[in-house]
Amino acid sequence: MAPICVGLVGLGEVAQSIHLPVLSDQRDRWVIAGVYDVSPSLVALCTSQHPTAKAFETAEALINSPDIDAVFVLSSDDTHSRFVRAAIAANKHILLEKPACLTVREIDDLLALMPGYDKTLFVGYMRRYAPAYLAARDELPAFADITHVRIFDLISEGRHFLKKSQNVLYPRDIDPALLARGARERDALIREVVGAGAPADLVRAYRGLTALSSHHISAMRGLIGEPAGVLTAHRTNGGANTSVTFDYGHFACLYDAVVDDLGLFDAMIEVRSNTRRVRIIYDTPYIRSLPTRLEVTDAGPLGPVTKSFGPLYGDAFSNELEIFHRHITEGTKPLTDLADSRRDLALMAEIIERMKESSRRWG
């Protein structure tokens, strides 16, 4: 099969650090055929590095070009709905960076367009394609035997890691009026969920949920299924830190996110029964080819016995693009599609409601 011609909408951090290098590595599967960004310097950089890439004047021109087979929507969150709508209308394959959208309403509007769409729409939750995560599914205790799940995210922003490992261009030539308009549109969408008069820390908490925390919420659902709901949720540290308890009936899943400027990353998912512990250990989600690990501990006659899988160097970002390619060529349905992402956003909205209740109770 001939390589699939890709057009990238948005050339910022994730495009430069992840998608462009992976697409280049997988040159037997993909051709970088087109790029668009609101920053002329980013367009110039990417076209200089990727000679097959044509610069387009608008995102819509790229999306509607007959030379583009698949559109990668890597732009700011507030633009996702508009560009996905255009790509669906153009009947292009779509890789959509998380979060798919900022509101359930936007997702529902897009889902209404899906009956006439016969291509592949894939939402990029790479943690669900990490080798340790995939291996963990075969090691989990039976659902009825699970007694507790714990998920932890110690996060620093991607720039803490990228500035030490890659030369990412952060442009200074974007029209300030365009940036201001995007900020207003993003704030309006967030306030659909948190409320028009929501305090700044609740706004920040929701931004955190839809950003880095969304990876683990999606991974949780993919690993152990859908929770019945959200029992409690709290925010601290100006909304940067989040603690959530998900209701799984006979057990609870505790999720903690801590965001700071220490420049560390520590993330894991732990599933327990009375006699087994399965722990997926992530290093950083934003540097390619760093290993993931899987630890499985069982009760033994002489005490706990731990099996370790890894370090596993299979790159989650490469895996997700290989799987996206397979869905395109085989016509199969991704696990991480729009309907799946809707469930993430619905849970995030419920988390916000529990946070509001917590504020009223303790305020």
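Everything numeric in this text was worked out from a predicted model, so none of it was measured.

A. Structural detail: unusual backbone geometry. With an omega of -15 degrees, the peptide bond between Lys 98 and Pro 99 qualifies as cis. If you trace the backbone, Pro 99 turns up in the loop between β5 (93–97) and α5 (104–111). A cis amide bond, omega 15 degrees, links Gly 310 with the succeeding residue Pro 311. Examined against the element boundaries, Pro 311 turns out to sit in strand β14 (residues 303–312). Its identity is not glycine, yet Asn 91 carries a phi of approximately 55 degrees, on the positive side.

B. Up close: the packing of aromatic side chains. Inspection of every chain in the model, using the stated rule, returns seven aromatic pairs. Ring geometry for Trp 30 and Phe 72: centres 6.1 Å apart, planes at 80 degrees, overall edge-to-face. Taken together, the residues span a long stretch of sequence, with Trp 30 in strand β2 (residues 30–36) and Phe 72 in strand β4 (residues 70–73) at a distance of 42 residues. Ring geometry for Phe 122 against Phe 324: centres 5.4 Å apart, planes inclined by 40 degrees, an arrangement best described as tilted. Of the two residues, Phe 122 is situated in strand β6 (residues 121–124) and Phe 324 in helix α11 (residues 316–330); the sequence distance between them amounts to 202 residues. Just as Phe 122 is buried, Phe 324 falls in that class too. Pairwise contacts between aromatic rings join Trp 30, Phe 72, Phe 122, Tyr 129 and Phe 324 into one cluster. Directly above the aromatic system of Tyr 282 lies the positively charged group of Arg 127, at a separation of 5.1 Å from the ring centroid.

C. Seen up close, the environment of Gly 34. If you trace the backbone, Gly 34 turns up in strand β2. Measuring from C-alpha to C-alpha, the distance between Gly 34 and Thr 232 comes to 45 Å, with 198 residues separating the pair along the chain. Each residue touching Gly 34, except ones within four places of it in the same chain, is listed here: Val 6, Gly 7, Leu 8, Ala 53, Lys 54, Phe 56, Leu 62 and Ile 68.

D. Just the packing of helix α1 (residues 13–25) against α11, in detail. Where α1 meets α11, the axes come as close as 10 Å, and the angle between the chain directions of the two elements is 60 degrees. By the angle between their axes, α1 is oblique relative to α11. Of the two elements, α1 crosses α11, and the hand of that crossing is right-handed. Of α11, the residues touching α1 (which contributes Ile 18, His 19, Val 22 and Leu 23) are Phe 317, Ser 318, Glu 320 and Leu 321.

E. Highlighting the side chain of His 327. With respect to the helices and strands, His 327 occurs in helix α11. A polar atom in the side chain of His 327 sits 2.7 Å from the side chain of Thr 332. Beyond its immediate sequence surroundings of up to four residues, His 327 is in contact with Thr 120, Phe 122, Thr 332, Lys 333 and Pro 334.

F. Region of interest: the sheet that holds β6. Taken in spatial order, the six strands line up as β3-β2-β1-β4-β5-β6 in an open sheet, and their pairing is parallel. In this open sheet, the two edge strands, each paired with only one partner strand, are β3 (54–55) and β6. Here four bridges tie β5 to β6, and the two strands are oriented parallel to one another. Each bridged residue has a counterpart across the sheet, and for Ile 94 the counterpart in β6 is Leu 121. In the packing of helix α4 (residues 80–89) onto the sheet, contacts are made with β1 (4–9), β4, β5 and β6, and the angle to β5 comes to roughly 170 degrees.

G. Just the pairing of strand β12 (residues 276–282), in detail. Of all seven residues that make up β12, six are buried, and the element is covered over most of its length. By the bridge criterion, six bridges tie strand β11 (residues 266–272) to β12 in an arrangement that is antiparallel. Note on β12: the bridge partner recorded for Val 271 is Val 278. Hairpin connection of β11 to β12: three residues between the antiparallel strands. Of the strand pairs in this sheet, β12 and strand β13 (residues 292–300) are connected by six bridges, and their pairing is antiparallel. Within β13, the residue paired with Arg 279 across the bridge is Glu 295.

The rules behind each value
- Residues numbered from 1 in each chain as written.
- Predicted model: local features only at pLDDT ≥ 70, side-chain atom pairs only at ≥ 80, totals over all residues.
- Heavy atoms only, no water.
- Helix = DSSP H or I, 4+ residues; strand = E, 2+ residues; numbered from the N terminus.
- Phe/Tyr/Trp six-rings, centres within 6.5 Å; stacked < 30°, edge-to-face > 60°.
- Buried < 20%, exposed > 50% of the residue type's maximum accessible area, 1.4 Å probe, protein only.
- Lys NZ or Arg CZ within 6 Å of the ring centre and 35° of its normal.
- Contact = heavy atoms within 4.5 Å.
- Axes fitted to C-alpha atoms, helices over the stretch in contact; angles between N-to-C directions.
- Parallel < 35°, antiparallel > 145°, perpendicular 65-115°, else oblique.
- Left-handed = near helix turned anticlockwise from the far one by under 90°.
- Polar contact = N/O pair within 3.5 Å; in protein donor to acceptor, adjacent residues only side chain to side chain.
- Pairing = 2+ DSSP bridges.

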